[in-house]
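# Structural description and commentary
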Amino acid sequence: MNIKEYEKGSFLKPLASVKYLFKKPHTVRYPQEEKPVADRYRGLHINDLDKCIGCGNCRDICPCAAISMEDPSNVRPIDINKKGANPVRPKVDYGRCSFCALCVEMCPTGSLKMSKDLIYTSPDADAFAWIPREEQGREPGFVQDNEITPLMLEAEEMEELEPDVRKKSFEEMILGFSEEQARREAMRCLGCGICMQGCPAHMKIPEYIQAIFDGDNEKSVKYMLEDNVLPGICGRICTHRCQDDCVYQYRGDPIHIMWLKRFATDQLEDYKSVNIEKMPSTGKRVAVIGGGPSGLSAAYHLTTMGHSVTIYEQRSRAGGALATGIPLYRLPIYELDKEIGNIESMGVEIKLNTKIGEDVKFEDLLNEYDAVYLAIGLSYGRSINLKGEEHPNVVQAIDFLRQVKIEGRRDITKHVIVIGGGNVAMDVARTVARLQEINYGSKDTTVETVSLEDWDIMPASQEEIDGALEEGVIFNPAWGPNQVILDENGNIKGLEVKKVKHVFDENHRFNPAFYEDQKKIIYGDYIVESVGQMYNFSFIPEEMLNKLEFTPRRKVWVDEYGETSIPGVFAGGDIVETSRGDAISAIANGHRAAIGIDRYLHGKK
Amino acid sequence: MMGVVDKIKELDGAKITIQRENRIFVDVDKDRVIGTLYSLKLMGFHQLSVQNVVDRIKDGKFEIFYVLYSHEYKINVIVRTWVDRDNPVIETADKIYPSAHTWEREISEMFGIKVEGNEDCGKPFILENWKDIPPMRKDFDSVKYSSEHFVFRHSEGENE
């Protein structure tokens with residue numbers, strides 16, 4: 001066996017360890033310093049109370065039921081009028097929390113985070129539940145990430161016709177979801193219901209989206225009809241304020257609620273099996289003046305309550321602005337027939353081509369019926385007192401759109417000017433673009449819009465503006481019309497416009513001012529004015545009109561149930577102040593008035 | 001000389017899936033698990049990294065898997081087997097891999113799987129006084145359990 005001998009070595013050798021004195025130690029010098037925690041440490045929560053919208057998705061996802069939504073006003077006041085938000089904030093009970101951070105992953109706004117702090121002691125068990133907030137000064141640890149997330153942030157792509165294809169006809173341009181797409185889109189919904197606040201009719205959006213996801217389209221449409229009698233129409237033309245409130249907007253694309261509604265209604269041939277059940281007849285009779293969305297909505301709900309309803313409509317079609325105003329490429333006639341036909345099938349009588357004041361007297365209606373609902377809408381174009389306006393080639397948008405949609409007009413001149421920057425102006429411009437394509441193949445034609453508002457404050461929706469631009473509409477934002485220029489033969493040569501200085505004054509009131517020295521001429525031979533509509537109460541006798549109260553904004557005054565200052569006369573639709581000028585507000589008004597009329601007829605008032 | 005991958009491929013009654021160069025799945029019947037583990041240990045897979053369970057509730061099965069690692073070949077082998085959810089019984093592997101003893105205690109507590117031959121299974125491991133169904137089973141309703149077992153704290157605590 002070999003015996004290994006070790007070297008003796010120098011007695012200075014232990015000094016070699018001296019070099020470690022100047023190296024950075026690997027150990028943590030506790031208690032002088034603390035060990036740093038991991039970057040994605042999941043400790044006590046942090047919540048930005050201003051960013052949080054109180055949607056409650058954190059509460060719903062929590063596997064331990066540790067989160068409840070509570071009013072934070074005793075800890076810190078919040079803005080309770082915030083749009084698209086509930087005035088509650090999450091409270092976390094740390095006796096239950098398992099620190100899984102699903103709430104943080106799920107948070108649609110990204111307000112909820114987890115901190116690097118976990119240590120908290122108290123002899124009081126109630127002290128372990130509080131509303132997390134930024135003021136507690138904790139350092140963020142685990143935060144959410146849009147790359148790796150359980151949410152499906154991207155919306156389903158909607159197919160639509162290409163600009164050069166859709167310009168050739170009035171065919172509907174949005175093609176609608178397939179069943180697979182609709183299911184996938186419905187799957188994204190978290191069911192928090194924040195969108196219901198945005199909808200004027202407060203439709204049961206989470207419920208009907210859930211039914212679409214379950215593949216039960218009938219149940220889905222049943223939910224829709226409870227608040228909205230024209231779901232298929234709203235699925236096409238709604239201003240979709242619900243989508244503006246959808247919680248997905250903060251991290252991704254909002255859910256296409258409107259198109260999901262359209263998908264479900266398109267799957268049903270008729271609504272016979274899903275209509276609201278009719279109550280037994282009460283023998284009361286109600287007259288509805290105006291067959292627009294508000295009148296139809298009131299008539300449907302009154303019929304389900306057992307009253308007999310007659311609608312008086314002055315045009316040859318029911319539907320109001322839906323039938324006469326909205327162009328065919330956005331809302332086809334068959335959809336109107338389907339949904340208005342459904343209301344008729346419930347037993348509502350619609351008298352077309354009947355003008356109140358001429359064919360039937362308003363006073364007679366009051367005597368003949370137990371209640372009258374005024375839903376005449378804003379069916380007359382408003383003029384702007386433009387110099388040269390009386391020329392026959394200067395027309396109102398509402399008349400022009402009606403001629404094209406239901407009177408079969410297909411002629412147009414080559415150079416058209418549209419005054420206005422709202423959605424109606426876009427409808428006119430895009431209708432003109434189609435007519436020019438049909439008549440002239442878009443050779444040597446122009447359609448231009450003139451609006452007071454610049455791009456940033458243009459009232460038309462962005463999708464309408466984009467669609468119009470794609471179809472070749474030329475915009476002249478921030479120019480105001482001055483006068484119509486005529487040539488020596490008396491034909492229109494163009495429109496003189498002047499540059500806008502400001503549209504709203506310091507008090508945020510509409511009060512446009514112009515640079516009088518900055519003018520230009522837009523050449524064209526046909527002018528469509530699309531600057532707003534107004535109502536016409538000439539059918540109401542003088543002494544009765546004096547009794548009708550108006551609000552300072554010249555809308556009809558109504559109480560919370562839609563009753564005007566004349567007993568038994570109710571009003572709704574665009575003529576009352578709660579309307580926001582879209583179909584869904586009118587439908588909501590109609591429903592509210594139906595409840596009011598029912599109360600009135602049962603003498604509850 | 002025969003490579004280790006070829007040797008694994010020759011294991012009796014096993015379905016081999018080579019997912020990546022260094023990740024091989026070996027699916028076997030419940031009765032063959034212990035034999036397969038023993039053969040693999042002899043091939044050089046000395047380390048049991050993880051033993052755990054997936055609740056395949058839709059198929060009515062528990063998927064039990066053993067992740068083995070060889071420092072020699074730098075390969076992960078995952079041995080998988082399935083048992084009925086209604087009567088989940090497996091045989092202990094702690095005679096081959098001693099660390100399995102503790103893993104088995106955990107899975108028997110969290111999934112309610114009975115491990116024959118491991119006398120410590122059934123003794124409390126992490127959970128205290130657990131009377132509900134095992135918590136990692138997918139039909140365990142955690143929200144309901146929390147609501148029943150914990151008091152709801154109403155007041156906003158003064159914690160600052």
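Residues numbered from 1 in each chain as written. Chains lettered and ligands numbered in written order. Predicted model: local features only at pLDDT ≥ 70, side-chain atom pairs only at ≥ 80, totals over all residues.

### Some details on the overall build of chain A
Looking only at helices and strands, chain A has 19 helices and 20 strands in total. In terms of C-alpha radius of gyration, chain A reaches 32 Å, well past the compact-globule figure of 25 Å for 605 residues. Expressed as lengths along the three principal axes of its C-alpha atoms, the size of chain A is roughly 125 × 65 × 50 Å. Taken over 605 residues, chain A has a buried fraction of 43%. (Helix = DSSP H or I, 4+ residues; strand = E, 2+ residues; numbered from the N terminus. Rg over C-alpha atoms; globule rule 2.2 N^0.38 Å. Buried ≥ 20, exposed ≤ 12 C-beta atoms within 10 Å, placed from the backbone.)

### Quick look at the overall build of chain B
Summing up its helical and strand segments, chain B has four helices and seven strands in all. Reading the helices (α) and strands (β) of chain B from amino to carboxyl end gives α-β-β-α-β-β-β-β-α-β-α. The globule rule puts the C-alpha radius of gyration for 160 residues at 15 Å, and the 19 Å found for chain B is more than 25% above it. Burial status across chain B gives 24% buried among its 160 residues.

### Comments concerning the pairing of strand E15 (residues 479-486) of chain A
Note: E15(A) against strand E16 (residues 492-504) of chain A, seven bridges, orientation antiparallel. In the strand pairing of E16(A), A:Gln483 is matched with A:Glu496. (Pairing = 2+ DSSP bridges.)

### Regarding helix H15 (residues 397-405) of chain A
All names here are of chain A. Residues Ala397, Ile398, Phe400, Leu401, Val404 and Lys405 constitute the buried set of H15. For H15, the buried positions fall inside an angular range of 160° around the axis, keeping them on one side. Among the structural elements, helix H12 (321-324), strand E10 (380-381), strand E11 (394-396), helix H16 (423-440), strand E18 (526-529) and strand E19 (533-534) are those in contact with the buried residues of H15. (Arc of directions from axis to C-beta. Contact = placed C-beta atoms within 7 Å.)

### Thoughts on unusual backbone geometry
All names here are of chain A. The omega torsion of the bond from Tyr30 to Pro31 falls at 0°, within 30 degrees of zero and hence cis. For Pro31, the position within the fold is in the segment before strand E1 (45-47). For Ala478, which is not glycine, the phi torsion reads 65° and is therefore positive. Structurally, Ala478 can be placed in the loop between strand E14 (474-477) and E15.

### Side note on the nonpolar core
All names here are of chain A. Val288, Ile289, Ala299, Tyr373, Leu374 and Ile597 are the most contacted members of the largest nonpolar core, which totals 91 residues. Here the element with the most residues in this core is helix H19 (residues 583-601); it accounts for ten residues. Not counting residues up to four positions away in its chain, the partners in contact with Leu374 are Ile289, Val569, Phe570, Ala571 and Ile575. Within the second largest apolar cluster, 36 residues are counted, among which are Ile419, Ile465, Val484 and Val531. (Core = buried A, V, L, I, M, F, W, Y, C linked by C-beta atoms within 7 Å.)

### Notes on the sheet that holds strand E5 (residues 129-130) of chain A
Backbone-to-backbone hydrogen bonds join strands into a sheet, with any given pair of strands oriented parallel or antiparallel. All names here are of chain A. Taken in spatial order, the three strands of this open sheet run E2-E3-E5, and their pairing is antiparallel. Strands with a single pairing partner mark the edges of an open sheet, and in this sheet they are strand E2 (67-70) and E5. In the sheet, strand E3 (residues 89-93) pairs with E5 via two bridges, with the strands oriented antiparallel. By the bridge assignment, Val92 is partnered in E5 with Trp130.

### Examining the environment of A:Tyr515
Residue and element names in this part refer to chain A. Residue placement: Tyr515 occurs in strand E17 (residues 510-523). On the basis of neighbour count, Tyr515 is assigned to the exposed category, with 11 C-beta atoms found within 10 Å. In this structure, the C-alpha to C-alpha distance between Tyr515 and Lys499, residues 16 residues apart in sequence, is 5.4 Å. Residues contacting Tyr515, with those up to four places away along its chain left out, are Lys498, Lys499 and Lys501.

### Remarks on the domain arrangement of chain A
Size of an interface: often given as the accessible area lost when the parts come together. As assigned here, chain A comprises domain 1 (45-136), domain 2 (163-266), domain 3 (285-379 + 535-601) and domain 4 (382-532). Placing the centre of domain 1 of chain A and that of domain 3 of chain A at their C-alpha centroids yields a distance of 46 Å. (Domains from an automatic or database assignment.)

### What to know about the packing of helix H11 (residues 293-304) of chain A against H19(A)
Residues and elements named next belong to chain A. Between H11 and H19, whose axes approach to 7 Å, the crossing angle comes to 35°. Handedness of the crossing formed by H11 with H19: right-handed. In contact with Pro293, Ser294, Gly295, Ser297, Ala298, His301 and Leu302 of H11, H19 contributes Ala583, Ala586, Ile587, Asn589, Gly590, His591, Ala593, Ala594, Ile597 and Asp598. Taken together, the residues that form the contact of H11 with H19 break down as nine nonpolar, seven polar and one charged. (Axes fitted to C-alpha atoms, helices over the stretch in contact; angles between N-to-C directions. Left-handed = near helix turned anticlockwise from the far one by under 90°. Nonpolar A, V, L, I, M, F, W, Y, C, P; charged D, E, K, R; others polar.)

### Details of H19(A)
All names here are of chain A. Across its 19 residues, H19 extends 26 Å between first and last C-alpha, which sits within 8% of the 27 Å expected from 1.5 Å per residue. In terms of residue burial, H19 counts as a mostly covered element, since 17 of its 19 residues are buried. Positive backbone phi, approximately 65°, marks Gly603, located one or two places after H19. (Expected span 1.5 Å × (residues − 1).)

### Regarding the packing of H15(A) against H16(A)
All names here are of chain A. Following both chains from N to C, one finds H15 and H16 inclined at 45°, their axes separated by 10 Å at the closest point. Regarding the angle of H15 to H16, the classification is oblique. Both H15 and H16 take part in a crossing whose hand is left-handed. The segment H15 lies against H16, with Ala397, Phe400, Leu401 and Val404 engaging Val424, Ala425, Asp427, Val428 and Thr431. When its residues are assigned to classes, the contact of H15 with H16 shows seven nonpolar, one polar and one charged. (Parallel < 35°, antiparallel > 145°, perpendicular 65-115°, else oblique.)

### Side note on the environment of B:Val33
All names here are of chain B. Tracing the backbone through its elements, the reader meets Val33 in helix H2 (residues 33-43). With 72 residues separating them along the chain, Val33 and Arg105 place their C-alpha atoms 18 Å apart. Excluding residues that lie within four positions of it along the chain, Val33 makes contacts with Val28, Val79, Thr81 and Glu91.

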